[in-house]
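For reference, the chains in residue letters:
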Amino acid sequence: MDYKSPQQQIFDACFLASYKLGYDTYDYLPADGTSYPFVYIGAQINTDLRTKRFLYGEVIQDVHIYAIQRNGEQPHGTNRNDFTRMLDQLKTAFRKIKRTENFNIIEQGINDQILIDTSTSTTLLHGVIEVRFLFK
């Protein structure tokens, strides 16, 4: 059996939570032409702590959500209400993560923000969720 770090186990749990909600979920930013909305499980900040016998620590997992902003020019995009519902569903799913293969998980807090992304020819809604997990 392959060993997975606690950080990888938390990453995998977040990925699976998004996937189970039915969202197109990636562990990389997909190529141009990918349909919106999608979820990108991104950067992680890790702090390992150790006692004489046990490993525990904190993981901060960033999750990005991208959707086309619906406006007069993009009638088939995502409106802000649907977008915030998507963010809320993801946050609820992350709060439900209690265990990975080898660790107990405690969600310690969630921050999120919604940005307007004009880096492409189409205006996007870009949500960023930052989840703090304690593993032990």
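These notes cover the structure that comes with them. (Residues numbered from 1 in each chain as written. Predicted model: local features only at pLDDT ≥ 70, side-chain atom pairs only at ≥ 80, totals over all residues. Heavy atoms only, no water.)

A tally of regular secondary structure across the protein gives two helices and five strands. Counting from the amino terminus, the protein carries its helices and strands in the arrangement α-β-β-β-α-β-β. Each principal axis of the C-alpha distribution contributes one length, and for the protein these read about 60 × 25 × 25 Å. Residues counted as buried form 39% of the 136 residues belonging to the protein. Here the protein contributes 15 positive and 16 negative side-chain charges, whose respective centroids are spaced 12 Å apart. (Helix = DSSP H or I, 4+ residues; strand = E, 2+ residues; numbered from the N terminus. Buried < 20%, exposed > 50% of the residue type's maximum accessible area, 1.4 Å probe, protein only. Lys, Arg positive; Asp, Glu negative; His and termini not counted. Charge placed at Lys NZ, Arg CZ, Asp CG, Glu CD.)

Let's shift gears to helix H2 (residues 80–95). In this model, H2 (16 residues) spans 22 Å end to end at C-alpha, consistent with the 22 Å of a helix rising 1.5 Å per residue. Within the sequence span of H2, burial applies to Phe83, Met86, Leu87, Leu90, Lys91, Ala93 and Phe94. Across the axial projection of H2, the buried residues extend over an arc of 165°, all falling on one side. Of the surrounding secondary structure, the elements contacted by the buried residues of H2 are helix H1 (6–20), strand S2 (38–50), strand S3 (55–68), strand S4 (105–117) and strand S5 (124–135). Where H2 begins, the capping side chain belongs to asparagine 79, and its oxygen is found 3.1 Å from the backbone nitrogen of asparagine 81. (Expected span 1.5 Å × (residues − 1). Arc of directions from axis to C-beta. Contact = heavy atoms within 4.5 Å. Polar contact = N/O pair within 3.5 Å; in protein donor to acceptor, adjacent residues only side chain to side chain.)

Moving on, we get to unusual backbone geometry. Along the chain, tyrosine 36 connects to proline 37 via a cis peptide bond; the corresponding omega equals -5°. Mapped onto the elements of the fold, proline 37 is located in the loop between strand S1 (25–26) and S2.

On to the nonpolar core. Residues Val39, Ile65, Phe94, Ile129 and Phe133 are the most contacted members of the largest nonpolar core, which totals 27 residues. When residues in this core are grouped by element, the largest group, six residues, is from H2. Look past the residues within four positions of phenylalanine 133 in its chain and what remains in contact with it is Ile10, Cys14, Gly57, Glu58, Val59, Gln61, Phe94, Ile97, Ile105, Ile106, Glu107 and Gln108. Within the second largest apolar cluster, five residues are counted, among which are Tyr26, Phe38, Tyr40 and Tyr66. (Core = buried A, V, L, I, M, F, W, Y, C linked by side-chain atoms within 4.5 Å.)

This part takes up H1. Here H1 spans 21 Å end to end across 15 residues, near enough to the 21 Å set by a 1.5 Å rise per residue. Taken residue by residue, H1 has Pro6, Gln7, Gln9, Ile10, Phe11, Ala13, Cys14, Ala17 and Ser18 as its buried positions. Where H1 is buried, its residues contact S1, S2, S3, H2, S4 and S5. Looking one or two residues beyond H1, the residue adopting positive phi is glycine 22, at roughly 90°.

This part is about the sheet that holds S3. Pairing between the strands of a sheet comes from backbone hydrogen bonds, and it takes one of two forms, parallel or antiparallel. Ordered by their spatial adjacency, five strands build an open sheet running S1-S2-S3-S5-S4, and the pairing between neighbours is mixed. Each having just a single partner strand, S1 and S4 make up the two edges of the open sheet. Judged from the 12 bridges that link them, S3 and S5 form a sheet pairing that is antiparallel. Note on S5: the bridge partner recorded for glutamate 58 is leucine 134. Across the sheet, H1 lies against S1, S2, S3, S4 and S5, angled at about 155° from S2, the strand it touches most. (Pairing = 2+ DSSP bridges. Axes fitted to C-alpha atoms, helices over the stretch in contact; angles between N-to-C directions.)

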